[in-house]
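Summary of the model geometry
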Amino acid sequence: MPSFGRTLSEIPPSPLVTVDRLLRDGAHAEPVPLQQGKTVFEPCARPGTWERAEFGIAAHEHAPPAGVPALRSAFADVASRRRGTAVDPGQVLVTSGATHAIAVTLHAILSPGDEVLILSPQWLFATGLVWAAGGTPREVPVFLELSEDPAFDFIAAIERAVGPRTRAIYFNNPNNPTGFRLDERALGALAELAARHDLWLIADNAYENYDFGDGGFLDTATVPGAAERTFSVHSCSKTYAMPGARVGHLISPPGAEEILTKWSLHTLYSVSTAAQYTAFRALATPADELARRRAAAERAWRLADAALEIPHTRVAGGLYTFLDLGRYGDGAEFVRRCAEAGVGLAPGQVFGGHCDGWARLCFTAAPEEAVADAIGRINKIYWEGGLDR
């Protein structure tokens, strides 16, 4: 048979597949999939029918490559209210989720061999997306250090990693998997560093509705000097509990619209028209309902924090805490034993090369009672098998 080209051999198979299989094959009657990044909330909108006049396009028509104008305008309105400054709908690209938004950005800014600094631990697909775009990911451990010591000089750590081929810095905030939140001072320092080295910032804002800080979510693009170099990635999957719709959007710096639309056109053409209409309806979700969901997620974190007997990161936002399994001795073995006991956890290695001794727990992936029961099971496994027993 003919040969393949690039096989993405740099990207290993996902260990989450093994966790899923162990849960399916296990004898436990009620497995609890806390390895998944999801919530128990109902979708803010479901697929439906509409008249052409309502959305400016019929269901059977394919959408423009940049997105249906009505949805782009709606996303721009939301961003304008959040930022306090006007966002032009032309800066908005409708994407097939945050994954597609990040991929389009990377294809647009990278030449083969260019480096992207990834603030780590990181969302599990970030490094793979850089490899797939022809770039080289370079993990910069900062979030565990900041979780341990907020005074940790993370800017110095990033500065040391900048090289002649560095083109961008990727980060998600609040952070998946640690729950750490970069505040205004930290984001300002990051923007200053990017300006010094003429770098792009790729701000993954998937958990914007689950920022537990007093002031709520802070959009990186609102920090002085950041707007001109920040690609802001947003997703309907978490905010509106619609992962199956596969709708997200990218807000680009002025002047980047054409190149991003080209990359989107030549990788996807356009997002499903029906999915875009569903997202359009979701944007009408009342603010108090989104606030209720944020409060429920924070309550779920408080309950998990109180129940966990395993060292773990403090959470300021997002849906996860990161379990420190250093005293247990073998993070992968702990994840395997938990899966056999009917509790799914995400192995730490998928979030960074330095995270083998950790595991991620999603405290919103099941009802509160089920999460509490699952934590009881993993506490028992921890103390039965830990090195301190």
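Everything below is about the structure shown above.
Our subject in this report is the structure included herewith. (Residues numbered from 1 in each chain as written. Predicted model: local features only at pLDDT ≥ 70, side-chain atom pairs only at ≥ 80, totals over all residues. Heavy atoms only, no water.)

Some points on the overall build of the protein
A tally of regular secondary structure across the protein gives 14 helices and 10 strands. Computed over C-alpha atoms, the radius of gyration of the protein comes to 21 Å, within 12% of the 21 Å expected from 2.2 N^0.38 for 389 residues, which places it in the range of a compact globule. Overall size of the protein, expressed as C-alpha extent along the three principal axes, is 65 × 60 × 50 Å. When the 389 residues of the protein are sorted by exposure, 54% land in the buried category. Across the protein, every contact between residues at least 6 apart in sequence was considered, and the portion connecting residues at least 24 apart equals 74%. Carbon and sulfur atoms form 54% of the exposed surface of the protein, whose accessible area is close to 16,700 Å². Both charge centroids of the protein, one from 35 positive and one from 45 negative side chains, sit 3 Å from each other. (Helix = DSSP H or I, 4+ residues; strand = E, 2+ residues; numbered from the N terminus. Rg over C-alpha atoms; globule rule 2.2 N^0.38 Å. Buried < 20%, exposed > 50% of the residue type's maximum accessible area, 1.4 Å probe, protein only. Contact = heavy atoms within 4.5 Å. Areas by Shrake-Rupley, 256 points an atom, 1.4 Å probe, with all protein chains shown as cover. Lys, Arg positive; Asp, Glu negative; His and termini not counted. Charge placed at Lys NZ, Arg CZ, Asp CG, Glu CD.)

So, the packing of helix H4 (residues 97-109) against helix H10 (residues 257-265)
Between H4 and H10, the least distance of the axes is 9 Å, while the angle of their chain directions is 115°. Read as a crossing pair, H4 and H10 show a hand that is right-handed. Of H10, the residues touching H4 (which contributes His 100, Val 104, Thr 105, His 107 and Ala 108) are Ile 259, Leu 260, Trp 263 and Ser 264. Its residues assigned to classes, the contact of H4 with H10 comprises five nonpolar, four polar and no charged. (Axes fitted to C-alpha atoms, helices over the stretch in contact; angles between N-to-C directions. Left-handed = near helix turned anticlockwise from the far one by under 90°. Nonpolar A, V, L, I, M, F, W, Y, C, P; charged D, E, K, R; others polar.)

Quick notes on helix H7 (residues 154-161)
Along H7, the positions that sit buried rather than exposed are Phe 154, Ile 155, Ala 157, Ile 158 and Ala 161. Along the long axis of H7, the arc covered by the buried residues comes to 160°, so they all point the same way. The secondary structure elements touched by the buried residues of H7 are strand S2 (115-120), strand S3 (136-141), helix H6 (143-148), strand S4 (166-172) and helix H8 (184-197). (Arc of directions from axis to C-beta.)

Brief notes about the packing of aromatic side chains
Counted by the stated rule, this structure contains 17 aromatic pairs. For the pair Phe 41 and Tyr 210, a centre-to-centre distance of 6.4 Å together with 20° between the ring planes defines the contact as stacked. Taken as a pair, Phe 41 in the loop between helix H1 (16-25) and helix H2 (52-55) and Tyr 210 in the loop between strand S5 (200-204) and strand S6 (230-235) lie far apart in primary sequence, 169 residues in all. This pair shows no difference in class: Phe 41 is buried, exactly as Tyr 210 is. Measuring from ring centre to ring centre gives 5.3 Å for Phe 322 and Trp 358, while their planes differ by 20°; the resulting arrangement is stacked. Residue Phe 322 is located in strand S8 (residues 320-324), and its partner Trp 358 is located in strand S10 (residues 358-362); the two are separated by 36 residues in the primary sequence. (Phe/Tyr/Trp six-rings, centres within 6.5 Å; stacked < 30°, edge-to-face > 60°.)

A word on the sheet that holds S10
Spatial strand order, S8-S10-S9: three strands in an open sheet with antiparallel pairing. Each end of this open sheet is capped by a strand with a single partner; those strands are S8 and strand S9 (346-347). Sheet topology note: the S9/S10 ladder contains two bridges and is antiparallel. Each bridged residue has a counterpart across the sheet, and for Pro 347 the counterpart in S10 is Ala 359. (Pairing = 2+ DSSP bridges.)

A short note on H1
Turning to H1, its buried residues number three or more, namely Leu 16, Val 19, Leu 22 and Leu 23. Each buried residue of H1 lies within a common arc of 120° when the element is viewed along its axis, so the set occupies one face. Structural note: H1 exposes Val 17, Arg 24 and Asp 25 on the side pointing more than 90 degrees away from its buried face. Tucked into the core, H1 has its buried residues touching helix H13 (331-340) and S9.

Brief notes about unusual backbone geometry
Ser 120 connects to Pro 121 through a cis peptide bond whose omega is 0°. Mapping Pro 121 onto the fold places it in the loop between S2 and helix H5 (126-132). Cis geometry marks the peptide bond from Asn 173 to Pro 174, where omega comes out at -5°. Inspection of the secondary structure puts Pro 174 in the loop between S4 and H8. Even without being a glycine, Asp 198 presents a positive backbone phi close to 55°. Structurally, the position occupied by Asp 198 is in the loop between H8 and S5. A positive phi is found at Arg 246, a non-glycine position, where the angle reads about 55°. Relative to the helices and strands, Arg 246 is located in the loop between helix H9 (236-239) and strand S7 (248-251). Among the residues examined, Arg 246 registers a relative accessible area of 34% and is labelled partly exposed.

Description of the pairing of S2
The element S2 is extensively covered by neighbouring structure, given that six of its six residues are classed as buried. A crossover links S2 with its parallel partner S3, the connecting element being H5, and its sense is right-handed. In terms of strand pairing, S2 meets S4 through four bridges, oriented parallel. In the sheet register, Glu 115 faces S4, and the bridge partner there is Thr 166. (Right-handed = clockwise from strand over helix to strand, strands pointing away.)

Digging into the pattern of salt bridges
Across all of its chains, the model carries 22 salt bridges by this definition. Two residues, Glu 61 and Arg 52, come together in a salt bridge whose shortest N-O distance is 3.3 Å. Arg 229 serves as the salt-bridge partner of Glu 228, at 3.6 Å between the closest nitrogen and oxygen. On the basis of relative accessible area, Glu 228 is assigned to the exposed category, the value being 56%. Residues participating in the shared-partner salt-bridge network are Arg 82, Arg 83, Glu 208 and Asp 219. (Salt bridge = Lys/Arg side-chain N within 4 Å of Asp/Glu carboxyl O.)

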